[in-house]
Amino acid sequence: MVTGRSEERAGRIRLGMVGGGNDAFIGGVHRIAARLDDKFDLVAGALSSTPEKSRESGEALGLERVYDDFKQMAMREARLKSGIEAVSIVTPNHVHYAAAREFLKRGIHVICDKPLTSTLSDAKKLVKAAENSNALFILTHNYTGYPMVRQAREMVANGDIGKIRVVQVEYPQDWLTEPQDFKQAEWRTDPERSGAGGSTGDIGTHAYNIACFVTGLKADSLAADLQAFVPGRQVDDNAHVMLRFEGGARGMLWSSQVAPGNENALRLRVYGEKGGIEWAQEDPNYLWFTPYGEPKRLITRNGAGAGDAANRLSRVPPGHPEGYLEGFANIYGEAAEAILAFRNQSSPDASVVYPAVHDGLEGVKFVTACVQSSSRNSAWVKLE
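### Brief notes about the environment of Ala309
Mapped onto the secondary structure, Ala309 falls in helix 10 (residues 308–311). Between the alpha carbons of Ala309 and Phe40 there is a distance of 23 Å; along the sequence they are 269 residues apart. When sequence neighbours within four positions are dropped, the list of residues in contact with Ala309 reads Arg150 and Glu154.

### With respect to the pairing of strand 12 (residues 275–280)
Judged by how many residues are buried, strand 12 sits mostly within the fold: 5 of 6 residues are covered. When strand 11 (residues 267–272) meets strand 12, the two strands line up antiparallel, connected through 5 bridges. Residue Arg267 lies in a different strand from strand 12, and its bridge partner there is Ala280. Between strand 11 and the antiparallel strand that follows it, strand 12, lie 2 residues. Between strand 12 and strand 13 (residues 286–291), which pair antiparallel and follow one another directly, the connecting turn spans 5 residues.

### Regarding unusual backbone geometry
Trans peptide bonds make up the majority, and among non-glycine residues the majority have a negative phi. Following Lys114, the chain continues into Pro115 via a peptide bond in cis, with omega recorded as -10 degrees. Examined against the element boundaries, Pro115 turns out to sit in the loop between strand 5 (109–112) and helix 5 (120–131). Backbone geometry at Asn377 places phi at a positive 60 degrees, although glycine is not the residue there. With respect to the secondary-structure elements, Asn377 resides in the loop between helix 12 (357–375) and strand 15 (381–382).

### Focus on the environment of Asp174
Within the element layout of this structure, Asp174 appears in the loop between strand 7 (164–172) and helix 7 (183–188). For the pair Asp174 and Gly261, spaced 87 residues apart in the sequence, the C-alpha separation amounts to 6.5 Å. Ignoring any residue separated from it by four or fewer positions in sequence, one finds Asp174 in contact with Gln257, Val258, Ala259, Pro260, Gly261 and Asn262. At a separation of 3.1 Å, a polar atom in the side chain of Asp174 contacts the main-chain amide nitrogen of Gly261.

### Quick look at the sheet that holds strand 2 (residues 40–46)
On the basis of which strands lie adjacent, the open sheet formed by 6 strands has the order 3-2-1-4-5-6 and parallel pairing. The open sheet has two edge strands with one neighbour each: strand 3 (65–66) and strand 6 (137–139). Where strand 5 lies against strand 6, 3 bridges are found, and the strand directions are parallel. Counted as the bridge partner of Val110 is Phe137 from strand 6.

### Some remarks on the packing of helix 3 (residues 70–79) against helix 4 (residues 96–104)
Where helix 3 contacts helix 4, the two axes come as close as 9 Å, and the packing angle between them is 10 degrees. In terms of their interaxial angle, helix 3 and helix 4 are classed as roughly parallel. Seen from helix 3, the contacting residues are Phe70, Lys71, Met73 and Ala74; seen from helix 4, they are Ala98, Ala99, Glu102 and Phe103. Classifying every residue of the contact of helix 3 with helix 4 by side-chain character gives 6 nonpolar, no polar and 2 charged.

### A short note on the nonpolar core
By size, the foremost hydrophobic cluster in this structure holds 48 residues, and its most contacted members are Val214, Leu222, Val241, Leu243, Ile277 and Phe366. Top element by residues in this core is helix 9 (residues 199–215). It accounts for 8 residues. In this structure Leu222 touches Val241, Met242, Leu243, Phe366, Ala369, Cys370, Ser373, Ala379, Trp380, Val381 and Leu383, once residues within four positions along its chain are discounted. Core analysis: the next-biggest nonpolar cluster, separate from the first, contains 32 residues, Ala46, Ala74, Ala129 and Val364 among them.

The rules behind these values
Residues numbered from 1 in each chain as written. Predicted model: local features only at pLDDT ≥ 70, side-chain atom pairs only at ≥ 80, totals over all residues. Heavy atoms only, no water. Helix = DSSP H or I, 4+ residues; strand = E, 2+ residues; numbered from the N terminus. Contact = heavy atoms within 4.5 Å. Buried < 20%, exposed > 50% of the residue type's maximum accessible area, 1.4 Å probe, protein only. Pairing = 2+ DSSP bridges. Polar contact = N/O pair within 3.5 Å; in protein donor to acceptor, adjacent residues only side chain to side chain. Axes fitted to C-alpha atoms, helices over the stretch in contact; angles between N-to-C directions. Parallel < 35°, antiparallel > 145°, perpendicular 65-115°, else oblique. Nonpolar A, V, L, I, M, F, W, Y, C, P; charged D, E, K, R; others polar. Core = buried A, V, L, I, M, F, W, Y, C linked by side-chain atoms within 4.5 Å.

This is the structure:
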């Protein structure tokens, strides 16, 4: 199916999508995020695992070009004068490596959903594929796009809380408290598609990533106790993880999808020699900062006390909430800045920050180490 496009769209980044068809939640999120700042134009896709569903989804979205599979899409788009410049990969985890590889080797930028891959071997191969390509690789750990997360990162880097001693991060949900068989639950609890980690791969990687993103620390080793509380479940639905960071800081991470009363309760607390910071995803426009021995201070998004790193990603005045979709869109905005700089054979501004392929590798290392540690009665395991 081919439809016309006006010349005024020529400046936008031509975007394709792999996965994300009619019945896929995250595909719609990526499309909203890509549209919010009007820098992308979705023109092509291989949107489902079957040609029929892919065509149905493509027609519903009004795409110019719809393909039966991602390999066919990568080959043909690379040959077109006005082919896609970037592709969003929003499939189940086990497809990420093969799909990303096809586009990277043809010089097409990749914007990939997390976790990076379903296995550590695929993650390492994907890192090599990205390093051997001249294309960019962006990983959509969307919580790193929240303005107050950028505020926290800037404050840590500026030394406002001093040398970090303790990191506490958690991400509890309740949606898998009972057995579920709908699509989103079905593939996430299948180790062949999700990977060996359940809650650790799906949301534990978010918790681990945001802890490392804000603190600038990297874990050296961990001890994990993983459970599959729902009978018959083949991947973990709850995880308690102790972390030893390089440089001496210590951390604790809890991820759970069987915690009734919790929806998406990602929370980060970081404590240093001079003070502490606290941020909660479900109340994302606020950051608590406590210098030691002084009262707590509330920093609001785009309000008094917010710094440059947060303000450049804030769209509306303080008091008007920004959250999940805007944070996701900020990752797409950072990707757009980098891709447009690439198009112009220049470098993006130094303020442009986004998770990349090596961040994804660290996430898969985290999941792998958690599974190994838990299988050894929670023994300490190196992340390597």
